[in-house]
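# Fold and geometry: a report
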Amino acid sequence: AQKVTQAQTEISVVEKEDVTLDCVYETRDTTYYLFWYKQPPSGELVFLIRRNSFDEQNEISGRYSWNFQKSTSSFNFTITASQVVDSAVYFCALSPDSNYQLIWGAGTKLIIKP
Amino acid sequence: NAGVTQTPKFQVLKTGQSMTLQCAQDMNHEYMSWYRQDPGMGLRLIHYSVGAGITDQGEVPNGYNVSRSTTEDFPLRLLSAAPSQTSVYFCASSRESGDEQYFGPGTRLTVT
């Protein structure tokens, strides 16, 4: 089965706190791609990161960082020193190499309170 | 460079009506796809295309048709609208499958 699970439906934190969004995936493919997208209240979908299955290095981009662990099939996303503008729904997605489909998690709604 | 464009932005249909949601991209991308997004759920793939003349079904294809006569355009047809098709529809494109997808702004469809 190919599946993405985002177990946290909603997270609420106070501004400046760090927050981690969890993503667990399932696939039998050895080659696959993992993504994170952001959907702010305005509704558009914003690409954040793409990672291929052969690259387990952690990635940092400003206040955002991603931890990819194949051993636990996880691709977690951390926001450091959160800001109100980070409030959005965040989606994790999987693209197995054996098909042409992007499989999405249900999303985590992140609320940052001032 | 407009990216991915979708029309209309909003649409209200009566049950049984048909309509076409338009999607176009100007990035010469081979891969295009249609998703629907329902409250509390992730995006679900309706149909996709890996190039002009080639289309295939995704997770939820029933009630929808697509065609891809050109690289740029990928219209989605609702054959006979049902209230269960009330949703937000997103079109996306990428250079190829597995690449970053670029999304259109979405179409909010209500079927009464």
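Residues numbered from 1 in each chain as written. Chains lettered and ligands numbered in written order. Predicted model: local features only at pLDDT ≥ 70, side-chain atom pairs only at ≥ 80, totals over all residues. Heavy atoms only, no water.

## Description of the pattern of salt bridges
Side chains carrying opposite charge are able to pair once their charged atoms draw close together. A full pass over the atoms with the stated rule returns seven salt bridges over all chains. In this structure, the salt-bridge partner of Arg51(A) is Glu59(A), at a minimum N-O distance of 3.0 Å. Under the relative-accessibility criterion, Glu59(A) is labelled partly exposed at 31%. Of the charged contacts, one joins Arg95(B) and Asp99(B) as a salt bridge, the two residues approaching to 3.0 Å between their closest N and O atoms. (Salt bridge = Lys/Arg side-chain N within 4 Å of Asp/Glu carboxyl O. Buried < 20%, exposed > 50% of the residue type's maximum accessible area, 1.4 Å probe, protein only.)

## Topic: the interface of chain A and chain B
Tallying the contact residues gives 17 residues for chain A and 20 residues for chain B. In this structure, the connection of chain A to chain B is made through one salt bridge. The residue Arg50(A) makes a salt bridge to Asp99(B) at a minimum N-O spacing of 3.5 Å. Where chain A packs against chain B, one counts four residue pairs in polar contact (both at pLDDT 80 or more). Taken together, the elements giving at least two residues each to the side of chain A that touches chain B come down to strand E5 (32-39), strand E6 (46-52) and strand E10 (88-96) of chain A. (Contact = heavy atoms within 4.5 Å. Polar contact = N/O pair within 3.5 Å; in protein donor to acceptor, adjacent residues only side chain to side chain. Helix = DSSP H or I, 4+ residues; strand = E, 2+ residues; numbered from the N terminus.)

## A look at the packing of aromatic side chains
For the coordinates displayed, the defined rule picks out 19 aromatic pairs over all chains. Between Tyr25(A) and Tyr32(A), the aromatic rings sit 5.2 Å apart at their centres with planes inclined by 50 degrees, giving tilted as the arrangement. Comparing Tyr25(A) with Tyr32(A) shows no difference in burial state: the two are buried. The rings of Phe35(A), Tyr37(A), Phe47(A), Phe91(A), Trp104(A), Tyr35(B), Phe90(B) and Phe103(B) are connected pair by pair, giving a single aromatic cluster. Sitting above the plane of the Phe74(B) ring, Arg68(B) keeps its charged end 6.0 Å from the centroid. (Phe/Tyr/Trp six-rings, centres within 6.5 Å; stacked < 30°, edge-to-face > 60°. Lys NZ or Arg CZ within 6 Å of the ring centre and 35° of its normal.)

## Regarding the pairing of strand E2 (residues 10-14) of chain A
Residues and elements named next belong to chain A. Residue alternation in E2 divides its side chains into a buried set, Ile11 and Val13, and an unburied set, Glu10, Ser12 and Val14. Pairing of E2 with strand E12 (residues 108-113), which is carried by five bridges, proceeds in the parallel orientation. The residue bridging Val13 from the neighbouring strand is Ile112, located in E12. (Pairing = 2+ DSSP bridges.)

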